[in-house]
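Overview (structure and organization)
What follows is the residue order along each chain.
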Amino acid sequence: MPEPTSTTAAVVTLAAAGASMPMLTMFGVPLGLRTDLLIAGFFGSLVAIILLNSVPSQGDTWQTLIQTTLRRMCVAAASSATAGYLTPLALLVANLPDPLLLSAAFAVGGGAQRVLVSAIARLSPPETGGTN
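All values derive from a computational prediction rather than experimental measurement.

**Here we look at the side chain of Ser-45**
Examined against the element boundaries, Ser-45 turns out to sit in helix H2 (residues 35-50). A relative accessible area of 1% means that Ser-45 is categorised as buried. Excluding residues within four positions of it along the chain, Ser-45 makes contact with Ala-76, Ser-79, Gly-109 and Gly-110.

Encoded structure:
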């Protein structure tokens, strides 16, 4: 029969391993994403979709409702990934303390759709309007 201290140590070790935030991997490749940032960004995108109506409905037929639902799911996934990758960078640029990490991920997830559109518009070259 094992000693109680070794069992207690094993339980504490397993609890600590479960409480830490592991990096997300896909097909054996580490993506560098933290799950807590993804979840905070996902909830931020849900707030933007539900309260701010960032993905409005286009109609009330079943085809348009399915299209709108799929579009909302893609926006939520993309906003979550954007929050996962851009929040640590935003904290470095803005020189914010680490306790604001999850709230910043929530804000990035909520505003990812508009921020990315404006960033792409700034970075892309202007159209020249050539003739056909």
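Let us keep going from here.
**A word on the packing of H2 against helix H4 (residues 101-123)**
The interhelical angle for the contact between H2 and H4, taken along N-to-C directions, is 45 degrees, at an axis separation of 6 Å. Comparing the axis directions of H2 and H4 gives the class oblique. Where H2 crosses over H4, the handedness of that crossing is right-handed. Residue-level contacts link Asp-36, Leu-37, Ala-40, Gly-41, Phe-43, Gly-44, Ser-45, Val-47 and Ala-48 of H2 to Leu-101, Leu-102, Ala-105, Phe-106, Gly-109 and Gly-110 of H4. Of the residues contributing to the contact of H2 with H4, the split by class is nine nonpolar, five polar and one charged.

**Some remarks on the environment of Val-75**
Within the secondary structure, Val-75 is located in helix H3 (residues 62-94). Note: C-alpha distance between Val-75 and Ser-45 (30 residues apart in sequence) is 7.5 Å. Sequence-distant contacts of Val-75, that is, excluding residues within four places in its chain, are made with Ile-49, Val-55 and Gln-113.

**Structural notes on H4**
For H4, spanning 23 residues, the distance from its first C-alpha to its last is only 26 Å, which falls clearly below the expected 33 Å at 1.5 Å a residue. A bend of about 65 degrees at Ala-112 is the largest found in H4. Of the residues making up H4, those classed as buried are Leu-101, Ala-104, Ala-105, Gly-109 and Ala-112. Where the residues of H4 are buried, they touch strand E2 (29-34), H2 and H3.

Rules behind the numbers
Residues numbered from 1 in each chain as written. Predicted model: local features only at pLDDT ≥ 70, side-chain atom pairs only at ≥ 80, totals over all residues. Heavy atoms only, no water. Helix = DSSP H or I, 4+ residues; strand = E, 2+ residues; numbered from the N terminus. Buried < 20%, exposed > 50% of the residue type's maximum accessible area, 1.4 Å probe, protein only. Contact = heavy atoms within 4.5 Å. Axes fitted to C-alpha atoms, helices over the stretch in contact; angles between N-to-C directions. Parallel < 35°, antiparallel > 145°, perpendicular 65-115°, else oblique. Left-handed = near helix turned anticlockwise from the far one by under 90°. Nonpolar A, V, L, I, M, F, W, Y, C, P; charged D, E, K, R; others polar. Expected span 1.5 Å × (residues − 1). Bend = angle between axes of the 7 residues up to and from the residue.

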